[in-house]
Amino acid sequence: MARVILLVSLTMLRAVKITPKLVVRFAFLPFRKVRNPCLYCPGICIASCPTYLSSGNILLSPIGYARFHDIAREKCLKCWRCVQECPLGYNLPETYSKPVKISLRIVRPGRLILVADEEIDLQLAEHLSESLGTGLAVVKGVAERYNNGSPIEYKTLKKAKRVLSGAELAVACSPEVSHALGIDFLGIHLKDLGIKLNYEGPIHIPCLLKSQREKLLKSLEDAGVRPTFVDEEECIKLSIKENYLYLCPIAKKHGVRTIFDLISY
Amino acid sequence: MGRECASKREALEELSDILGDRISTSNEVLKLYSRDYWPLALMKEAHGEELPRPLAVVWPNSTEEVAKIIKVLNKYRIPFVPYAGGSGVTGGTMCGGCIVIDIKKMNRIVNFSEEDAIIVVEAGILLRKLEEFLNSRGFTLRHIPQSYPEAVIGGLVATMSTGQFSTKYGGIEDLVLDIEAVAPDGGIIPFRRNTVPRAATGPDLKRILIGSEGQLGVITKVILRIFPLPKYTWKMAYAFPSFASGLKAMREVMLAGATPAVARIYDKDDSAARFHDARDLLILIVEEIDEGILEAKISAIEAIVKRHGGVDAEEEYVDKWLKTRFDVISELKKLVIPLNLWFETIETSALWSKLPNLYEEFKKKVREVEGVHAVLAHASHFYTTGACIYFTLTYEASEEVYWRMWEKAVEVILKNGATISHHHGIGLLRAKWTKEELGETVNYLRRVKRSLDPENLSNSDKWLG
């Protein structure tokens, strides 16, 4: 009942015509949950969805993905832009597939640890860690989360974080690992890592890091990046622009330039 | 029957030849396009009821493609309905057996002129994307309805939408300079050959497309007036002794020319629900390019408000409103749906002389309807002649209650000389009451429809058909 009072103040109740039936329903309110709020939403997040913007098709938007999970698994980019726009912060991409287990191991201990995903950026992180003289940790399962749309099994996430807690600073080499583990992306700590970049031109902000735009831009500028245009609209999984600088390691697969190609120490 | 099926199949094949993969007849797509955001349709869907499905959905890339599609549909006499953001709340795009022409791939900015303060856009552009484009260049359309995150320009024009800043900037009809459209026979109605601020070269045919709800063809491009972003803003909230005294104050403000961009008078119930403060609250935003004009307006407003018994209230109410103004989902998830209730909004407008009685009677009579639990009200969209009152209703999630509530609401509205729709439009919801408001005019409008659309194909089952 305390929860009901939290949800509905007495001032608010003055506006409601109370009937005995409604009183009973209020009593059961804490036990009645809306599991899938997207079913009732007009699409507050919809202008952030790259597949919707490119197709104009509601099926290829959070409204469609919330209803048809088979299609979501295949077509949704799992960019988490909709989650960042949702007033409820509803984690739609986590509803498509079963929870994924992650595991993390320390390859090389250190005060400062780079964290890579086995499938996404291991090679790159190994090279970077050696060059910078930092520690290295490798996580398994993160790529699967962003390919299929899964939550992380809580126990395994907790364990991974415990393993990392020994380091003074753990930074992710990819936006995916940063987002999954809740640790900072390398691009935010360029100065701490002694990384310098020399680049002038358009840059792309990773979807998963959109909420950290300002911090990221400041760090990049401090490291020597002079952006002439900032693209926050496109998702790398849908479209690639050849003359842009990308922050996502997976951009390398498409043969475009990433900050990792420009790093000088 | 067999011939009808064959002709539909042939039509779909011809459309596929034009559009390639930009046509869909998949069950999932048809289900999603079977409704807009009409609360009754959403309720039926939530209760597992099947809604009438369209025949197919197409996504043209250009005006010329829209014209080709419509010519094919004329050949086979298949009805069609234009579709934009899907954020309408009256069932205006619901059209069983129709071809849905979704215009959202036509979303380019054709021309932006800072000097002339106009922008030319394809009608499928998302309002939010257009506003972001303009803001990044120091301009604004300042058309900000609650559906801002999902609405599309063509749909806003077809609905005759208005926005939260309309008191200063006007409704969409004040922002549209010109329209390009494809007529129901597939002919292209072009822009004028010159774009001008105003012209007296006969009646403006394009004006009948504003509010036409897809019944007179497909809007494909729009020229819009834009404004430089304001440099100076003043936000304030006041509490009034009554809703009526708030209205009187706003009447004086409007007639004095101290026009705010945003003015909203929340009645005690609405204030209680939104701000947890059960007083009649006025929230105001005044914004100008020139500081002197802003100061003059503030001084006039402060004097008028005091004369009508307004006292300062918490300014953070304005910020709270600004922060939550597009959020239609939080309350639904937290309270309305779990309580097995449903929601509706009824917007009307009337002259100053009619507003107090309209407000009182609506609140009383509609609240008395069995199954209705709450009737919140705020006045917004002010004019020199009157205002819009926007009622938000919560009721038992049943179709029977829904229509009972609407019958009573319309009875009160018409009795008090108000309109059945200020800015949501007619659609399926209000069709049966249009003649009560417009009288014989409806028949003349129907003649216009028949002349432009002799086969009655353009959104055919609506009120003009």
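What counts and how
- Sequence order as written defines residue numbering, which begins from 1 separately in each chain.
- Chains carry letters and ligands carry numbers; both start at the beginning, A for chains and 1 for ligands, and go up in the order they are written.
- With the structure being a predicted model, the display of local features is reserved for residues of pLDDT at least 70 and the display and counting of side-chain atom pairs for 80 or more, all residues being used for whole-chain, interface and lining totals.
- Helix numbering and strand numbering both begin at the N terminus, where a helix is a DSSP run of H or I of at least 4 residues and a strand a DSSP run of E of at least 2.
- Put plainly, a residue is buried at 20 or more neighbouring C-beta atoms within 10 Å of its own, exposed at 12 or fewer, and partly exposed in between, counting only other residues' C-beta atoms, which are placed from the backbone.
- Contacts are defined on C-beta atoms placed from the backbone: any two residues whose C-beta positions lie within 7 Å are in contact.
- As annotated, the domain borders come from an automatic or database domain assignment.
- Take the number of residues in a helix, subtract one, and multiply by 1.5 Å to get its expected span.
- Axis geometry follows a simple rule: fit a line to the C-alpha atoms, using only the stretch in contact for helices, then measure angles between N-to-C directions, giving values from 0 to 180 degrees.
- For classification purposes, an angle smaller than 35 degrees is called roughly parallel, one larger than 145 roughly antiparallel, one from 65 to 115 roughly perpendicular, and anything else oblique.
- Each helix crossing is assigned a hand: it is left-handed if the near helix lies turned anticlockwise from the far helix by less than a right angle, otherwise right-handed if that turn is clockwise.
- All residues other than Ala, Val, Leu, Ile, Met, Phe, Trp, Tyr, Cys, Pro, Asp, Glu, Lys and Arg, Gly among them, are scored as polar; the first ten of these are nonpolar and the last four charged.
- UniProt positions are given in the numbering used here, feature names are shortened, and annotations may be inferred rather than shown by experiment.
- Paired strands, as defined in this entry, are two strands with at least two bridges between them according to DSSP.
- The directions considered for the arc run from the helix axis to the C-beta atoms.

When its secondary structure is counted, chain A shows 13 helices and six strands. For chain A, the spread of C-alpha atoms along the principal axes amounts to about 70 × 45 × 35 Å. For chain A, the proportion of its 265 residues judged to be buried stands at 44%. Of the contacts made within chain A by residues no fewer than 6 positions apart, 68% connect residues no fewer than 24 positions apart.

The subject of this paragraph is the environment of B:Leu438. All names here are of chain B. Structurally, Leu438 is set in helix α16 (residues 434–438). By the C-beta count within 10 Å, which is 15 here, Leu438 ends up partly exposed. When the C-alpha positions of Leu438 and Thr419 are compared, they lie 9.6 Å apart, and in sequence the two are 19 residues distant.

Per the domain assignment, the segments making up chain A are domain 1 (2–31), domain 2 (37–95), domain 3 (103–184) and domain 4 (199–262). For domain 1 of chain A versus domain 4 of chain A, the separation of C-alpha centres amounts to 49 Å.

This paragraph deals with helix α1 (residues 2–19) of chain B. For α1(B), which comprises 18 residues, the first-to-last C-alpha distance of 26 Å matches the rise-based estimate of 26 Å (1.5 Å per residue) to within 8%. Of the residues trailing α1(B), B:Gly20 is marked for its positive phi of about 65°.

Right, let's get into the packing of helix α14 (residues 355–368) of chain B against helix α15 (residues 399–415) of chain B. Residue and element names in this part refer to chain B. Two elements in contact, α14 and α15, have axes separated by 9 Å at closest approach and are oriented at 155°. By the angle between their directions, the pair α14 and α15 is classed as roughly antiparallel. The crossing of α14 and α15 is right-handed. Together, Glu361, Phe362, Lys365 and Val366 of α14 and Met405, Lys408, Ala409 and Val412 of α15 make up the contact between the two elements. A per-class count over the contact of α14 with α15 returns five nonpolar, no polar and three charged.

This paragraph deals with the domain arrangement of chain B. Partitioning chain B into structural domains gives domain 1 (2–104), domain 2 (109–228), domain 3 (232–324) and domain 4 (330–421). On a C-alpha basis, the centres of domain 2 of chain B and domain 4 of chain B stand 29 Å from each other.

Our focus in this paragraph is the interface of chain B and chain A. With 43 residues of chain B at the contact, the number on the chain A side is 34 residues. The biggest single contributor to the side of chain B that touches chain A is helix α13 (residues 330–336) of chain B, with five residues.

Let's shift gears to unusual backbone geometry. All names here are of chain B. Phi at Asn340 is positive, roughly 60°, even though this residue is not glycine. By secondary structure assignment, the location of Asn340 is in the loop between α13 and β16 (341–351). If you check the backbone angles, Asn459 has positive phi at about 45° while not being a glycine. Tracing the sequence through the fold places Asn459 in the segment after α17 (441–452). Residue Asn459 is classed as buried on the basis of its 31 C-beta neighbours within 10 Å.

Right, let's get into the UniProt feature "domain: FAD-binding PCMH-type" (unreviewed entry) in chain B. Per the UniProt record, the feature "domain: FAD-binding PCMH-type" (unreviewed entry) sits at residues 50–229 of chain B. The span residues 50–229 of chain B is 21% helical and 23% strand by assignment, and the distance between its end C-alpha atoms comes to 46 Å.

All names here are of chain B. Across the five residues of strand β13 (residues 262–266), five count as buried, placing the element largely inside the fold. Burial of the side chains of β13 extends over both faces: Val262, Arg264 and Tyr266 are buried on one face and Ala263 and Ile265 on the other. As defined by bridge partners, β13 adjoins strand β14 (residues 280–288) across five bridges and the pair is classed as antiparallel. The residue of β14 that forms the bridge with Arg264 is Ile283. Where β13 and strand β17 (residues 372–382) come together, two bridges link them in antiparallel fashion. Directly across from Tyr266, in β17, lies its bridge partner His378.

Let's shift gears to helix α11 (residues 291–307) of chain B. Count 3.6 residues to each turn of an α-helix, and residues three or four apart come out pointing the same way. All names here are of chain B. In this model α11 runs 25 Å from its N-terminal to its C-terminal C-alpha over 17 residues, within 8% of the 24 Å that 1.5 Å per residue would give. Three or more residues of α11 are buried, namely Lys297, Ile301, Ile304 and Val305. Around the axis of α11, the buried residues are gathered within 95° of arc, so they sit on the same side. Facing away from the buried side of α11 by over 90 degrees, the exposed positions are Glu291, Gly292, Ser299 and Arg307. Just downstream of α11 lies Gly309, where phi reads positive at about 85°.

Residues and elements named next belong to chain B. Spatially, β15-β12-β14-β13-β17-β18-β16 is the arrangement adopted by the seven strands of the open sheet, whose pairing is antiparallel. Here the strands that pair on one side only, and so sit at the sheet edges, are β15 (311–313) and β16. Here the strands of the sheet are splayed against their neighbours by 25° on average, with no regard to which way each runs. Pairing of β16 with strand β18 (residues 386–396), which is carried by 11 bridges, proceeds in the antiparallel orientation. Within β18, the residue paired with Ala350 across the bridge is Ala387.

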